[in-house]
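Summary of structural features
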Amino acid sequence: MELRAGGWWLLCAAAALASCARGDPASKSRSCSEVRQIYGAKGFSLSDVPQAEISGEHLRICPQGYTCCTSEMEENLANRSRAELETALLDSSRTLQATLAAQLRSFDDHFQHLLNDSERALQDTFPSAFGELYTQNAKAFRDLYTELRLYYRGANLHLEDALAEFWARLLERLFRQLHPQLLLPDDYLDCLGKQAEPLRPFGDAPRELRLRATRAFVATRSFVQGLGVAGDVVRKVAQVPLGPECSRAVMKLLYCAHCLGVPGARPCPDYCRNVLKGCLANQADLDAEWRNLLDSMVLITDKFWGPAGAENVIGSVHLWLAEAINALQDNRDTLTAKVIQGCGNPKVNPHSPGSEEKRPRGKLALQEKPPAGVLEKLVSEAKAQLRDAQDFWISLPGTLCSEKMAMSASSDDRCWNGMAKGRYLPEVMGDGLANQINNPEVEVDITKPDMTIRQQIMQLKIMTNRLRSAYNGEDADFQDASDDGSSSSGSGDGCPEDICGRRVNKKSSSSRTTLTHALPGLSEREGPKTSATGCPQPCMALLVLLLILLLSVARPRWR
């Protein structure tokens, strides 16, 4: 009798456990009302929600126990969960985009301010310092500053060639002004240009400006471009849509607990991380090249300081120009004698005014520059923010789980593990696509990387190479350019007519090439186009051969 009584109690306990497992309607009525509240808060029709639990055989994502969710509710919540994750990803990305955009504006404003101040100082002081030597050539100086701005903003010009062209045109014009009593036709000026390199009419100023300006502008341009590229990458990657497998996994993570009547159970930390590591596997593959880019940007800020640094050089362009004109005036007689020796005696101008006027010789005081602390503060803040952003892509799953997914504070028996309330036992996957092959929560095809993200990885690599070249004082766009130092002479050919306003019978300039990456907001100049007419002869021969083969295959055969 006692045995039968004990058996009865065991049967009763087993029945009670079974009732709890399948979800007794009476015990779950409160949970269904909570589901109705949650579902209605999401903007869905409450008519979809059953009054009491129903059997869950229809569920395709959530465990198929007794449930308060219909098939339509499950589908709606799956779509909503994906949208919520995409919104959370956009929000996190916008914060970083805003940081990078603010840095870009601050540095750009500072460097533009330096160059603008230099040009303003030139316009204020050169008329009184050099008289007609400046006023009759003011456009050439304006055009030089225009070229410097275009280069800084990413335009397709070779800075060394642009400087060489400026000095060559300036020499021709100033030599004419210094010798109004002589007739100097174009062929004589051509001879003057060829003599310029050994004569060094402007002294050391052209060479010093070329060396310092090239390094300074390459460094600042590449740094600001790096900020622009980083922001573009974040923006484009944030717009990559999440796949259907991710949608299912996030639905299970966020809403299946509600459907099964345990709305108070928050996702287990490791469970949430596995879901988001699977969903954001491609994004994590940006990590290595992203770190390389930010490291290179931090490193190149070292080039902003010192006598040859961007801070000093960009704001002092007008001083180098003044030094050059002074040197030309000082060396005028010696230069004239050597030019006549090399190019012959020019004819006397019968319409010259006669005696030469006394020309002013400029003495420019150093202009007041922005406080050194401005750039120092900008660089300090940028370094801190760039270092903080280095982990952005691999930290996204943890960040979103903590801030957006209402993750449980600890992994214990009270958190949601995707099936029920209880501990989450699987290990956390590594970062990146290749490490998701055994992800227990998201089915990831590691053989099909997202092509948009792969393109952004390539953009990061390209920009990093540009920064590394800039650190060495090289422009990655023109590394095949001649580095023989000839531009230090002040000679050069091919100045564009719209810049120098001179004749066009010289060889065309080599300073303009295809634009590789302009700063945000700058319209890129149209690069060279290609067409079928540009196909070389071997290419055409192959096309003809292929056409003959195709015709021979397609030809009907007669028996």
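The residue count restarts for each chain, going from 1 along the sequence in the order it is written. In keeping with the predicted nature of the model, local features appear solely for residues at pLDDT of at least 70, side-chain atom pairs appear and are counted solely at 80 or more, and the whole-chain, interface and lining totals rest on all residues. Think of the side-chain values as coming from all heavy atoms in the structure, minus any hydrogens and water.

In the annotation of an unreviewed UniProt entry, the entry for the protein chain reads Glypican-1, and the organism field reads Myotis lucifugus. As its UniProt record puts it under Sequence similarities (unreviewed entry), the protein chain is described as follows: "Belongs to the glypican family." Per UniProt, the comment on the protein chain under Function (unreviewed entry) is "Cell surface proteoglycan." UniProt positions are given in the numbering used here, feature names are shortened, and annotations may be inferred rather than shown by experiment.

On to unusual backbone geometry, then. For Arg200, which is not glycine, the phi torsion reads 45 degrees and is therefore positive. Secondary-structure assignment places Arg200 in the loop between helix H7 (186-199) and helix H8 (205-238). The class for Arg200 is partly exposed, based on a relative accessible area of 40%. Secondary structure elements are defined from DSSP: runs of H or I of at least 4 residues count as helices, runs of E of at least 2 residues count as strands, and each element is numbered from the N terminus. A simple rule labels every residue: compare its accessible area, found with a 1.4 Å probe on the protein chains alone, to the largest value its type can have, and call it buried under 20%, exposed over 50%, or partly exposed in between.

On to the environment of Leu276, then. Assignment of secondary structure puts Leu276 in helix H11 (residues 269-279). For Leu276 and Val442, which are 166 residues apart along the polypeptide, the C-alpha to C-alpha distance reads 8.6 Å. Leu276 has contacts with Leu85, Pro397, Leu400, Cys401 and Met405, leaving out every residue within four places of it along the chain. Between two residues, a contact is recorded if the distance between any of their heavy atoms is within 4.5 Å.

Note on terminology: pairs of cysteine sulfur atoms within 2.5 Å are recorded as disulfides. Under the counting rule described, the total for this entry stands at six disulfides. The disulfide that involves Cys246 links it to Cys279, with 2.1 Å between the sulfurs. Judged by the sign of its S-S torsion, about 110 degrees, the bond between Cys246 and Cys279 is right-handed. Placement of Cys246 in helix H9 (residues 244-254) and of Cys279 in helix H11 is noted, with a sequence separation of 33 residues between them. Judged by its relative accessible area of 11%, Cys279 falls in the buried class. Disulfide pairing places Cys272 opposite Cys401 at an S-S distance of 2.1 Å. Across the S-S bond of Cys272 and Cys401 the torsion is about -100 degrees, and the bridge reads as left-handed. Of this pair, Cys272 sits in helix H11 while Cys401 sits in helix H18 (residues 392-403), placing them 129 residues apart in sequence.

Turning to the environment of Asp232, a few remarks are in order. Take Asp232: it is sitting in helix H8. Accessibility expressed as a relative area gives 24% for Asp232, which makes it partly exposed. The spacing of Asp232 and Leu100 is 132 residues in sequence and 9.7 Å in space, taken between C-alpha atoms.

Let us now look at the side chain of Arg221. Positionally, Arg221 belongs in helix H8. A distance of 3.0 Å separates the side chain of Arg221 from the backbone oxygen of Tyr151, its partner in a polar contact. Contacts described as polar in this section are N or O atom pairs within 3.5 Å, which, within protein, must combine one atom able to donate a hydrogen with one able to accept it, while residues neighboring in sequence count only if both atoms come from side chains.

Turning next to H11. Within H11, nine of the eleven residues are buried, which leaves the element mostly enclosed by the surrounding structure. Three or more residues of H11 are buried, namely Pro269, Tyr271, Cys272, Asn274, Val275, Leu276, Lys277, Gly278 and Cys279. Buried residues belonging to H11 abut helix H3 (71-130), H9, helix H12 (281-284) and H18.

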